Amino acid sequence: MGQAHAMVSQVRAFDHAILPVESIERARARHEALGFTVAPDARHPFGTENCCVFFGDGTYLEPLGIHQRETCEATALKGNQFTLRDQTHRFRNSENGFSSIAMKSDDADADHTAFRKDGISAGRKLSFSRPYKTPDGETERARFKLAFAADLRAPDFFGFTVERVSMPNAAAGALATHANGVTGIREIILSEPNPTDFQYFLQAFAGQRETEAHSFGMELKTDNVLINVMTPEGLRAYFGVEPSGSGRGLRLEGIVFETDEALDLRAQGEYRIADRAPGQGAFYAFTGT
């Protein structure tokens, strides 16, 4: 796959997390119960829909539902990597999970070329637009270009970069203010029995040559968020959770948030943990700055 010869150009910044859910209504209720402000529902032209949670640091969560299953299936058959991999993840795992992470991009075309050169391209690019409703009720049009990356050894994980050709500033104002005090995302937690087997893939995807080994795995620093790949033992020791599946391959497990609030959740070391639940396919860990 050419991963051992990956050429890293620049460190990318984390953008958002994709959380497949059975129902965005349930996802909205779950996140609001945890103290998050949830944006108005939005629909994609390829059959999916979301209700995002935006943060002041420019990152966000994307609970992703199915609006029109027939459209999702039809576009997947035509090679739309977003719907194809979402359908695959739901089939292999469940309707509630954590399937993908996106990195920020100024040039998705260049990312696609780099992913192909590094042997991690997950298929053709995707360009699309969709209506976007602002908090004051106005409708604007958002336009995006995506470039996809994946490793065949990890069928339950894929990544992509997202170039915002045009997009309202959702991270500003009321949508980025949360009752639970969360200001942003600190870490993305993955699992794999032998994390370093995926070192070259993650280096190429994140644009980061440097990795740091620790007792339970390895870390890569993106431009804004830490990607932490832990063994199952590490998940249990740090967060008190079990891996979302068994066997080999990268799996997205949890998200660590920054907050100064003392939340009434399960305590685990320095963290307060919201365990996986319907509408929330990842575990959430809250910690102070």
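Note that the structure is predicted; figures quoted are calculated from it, not measured.

Engineer: Outline the overall build of the protein, listing residues and values.
Structural biologist: Scanning the protein for helices and strands turns up 6 helices and 17 strands. The C-alpha atoms of the protein give 18 Å as radius of gyration, which agrees with the globular expectation for 289 residues (19 Å, within 12%). Viewed in the frame of its principal axes, the protein has a C-alpha envelope of about 50 × 45 × 35 Å. Out of the 289 residues in the protein, the part that is buried amounts to 55%. When contacts within the protein are restricted to residue pairs at least 6 apart in sequence, those whose partners lie at least 24 apart make up 68%. In the form shown here, the protein has an accessible surface area of approximately 12300 Å², with 47% of it arising from carbon and sulfur atoms. Separation of charge centres in the protein, based on 31 positive and 39 negative side chains, amounts to 5 Å.

Engineer: Help me get a handle on the sheet that holds strand β12 (residues 217-221), residues and values and all.
Structural biologist: Spatial ordering of the open sheet is given by β11-β12-β13-β10-β14-β17-β16-β15, a layout of 8 strands whose pairing is mixed. Every other strand in the sheet has two partners, leaving β11 (212-214) and β15 (266-268) as the edge strands with one partner each. Going from strand to strand, the sheet's axes swing by 25 degrees on average, the running direction of each strand aside. Sheet topology note: the β15/strand β16 (residues 271-274) ladder contains 3 bridges and is antiparallel. Residue pairing for β16: Gln268 is matched across the bridge by Tyr271.

Engineer: Go over helix α2 (residues 69-77) with me, naming the residues and quoting the values.
Structural biologist: When α2 is considered as a whole, its buried residues turn out to be Cys72, Thr75 and Ala76. Summarising the axial view, the buried residues of α2 lie within an arc of 105 degrees, below the 170-degree limit, and thus occupy one face. Seen from the buried face of α2, the exposed residues on the opposite side, beyond 90 degrees, are Glu70 and Leu77. On its buried face, α2 sits against β3 (48-50), β5 (60-66) and α3 (81-92). Trailing α2 by a residue or two, Gly79 shows a phi angle of about 100 degrees, which is positive.

Engineer: Which residues make up the packing of aromatic side chains, and what values do they have?
Structural biologist: Applying the stated criterion across every chain, the model contains 22 aromatic pairs. Summarising the aromatic geometry, the rings of Phe36 and Tyr284 are spaced 6.1 Å apart at their centres and angled 85 degrees between planes, so their arrangement reads as edge-to-face. Separated by 248 residues along the polypeptide, Phe36 in the loop between α1 (24-33) and β2 (42-43) and Tyr284 in strand β17 (residues 283-287) bring together distant segments of the chain. The class of Phe36 is buried, set by a relative accessible area of 4%. The buried category is assigned to Tyr284, whose relative accessible area is 0%. Their ring planes at 80 degrees and their centres at 5.0 Å tell us that Phe46 and Phe128 sit as a pair that is edge-to-face. Note that Phe46 is positioned in the loop between β2 and β3 and Phe128 in strand β7 (residues 126-133), a separation of 82 residues in sequence. Look at Phe46 and you get buried, because its relative accessible area is 5%.

Conventions we followed
Residues numbered from 1 in each chain as written. Predicted model: local features only at pLDDT ≥ 70, side-chain atom pairs only at ≥ 80, totals over all residues. Heavy atoms only, no water. Helix = DSSP H or I, 4+ residues; strand = E, 2+ residues; numbered from the N terminus. Rg over C-alpha atoms; globule rule 2.2 N^0.38 Å. Buried < 20%, exposed > 50% of the residue type's maximum accessible area, 1.4 Å probe, protein only. Contact = heavy atoms within 4.5 Å. Areas by Shrake-Rupley, 256 points an atom, 1.4 Å probe, with all protein chains shown as cover. Lys, Arg positive; Asp, Glu negative; His and termini not counted. Charge placed at Lys NZ, Arg CZ, Asp CG, Glu CD. Pairing = 2+ DSSP bridges. Axes fitted to C-alpha atoms, helices over the stretch in contact; angles between N-to-C directions. Arc of directions from axis to C-beta. Phe/Tyr/Trp six-rings, centres within 6.5 Å; stacked < 30°, edge-to-face > 60°.

This is a description of form; function is not addressed.
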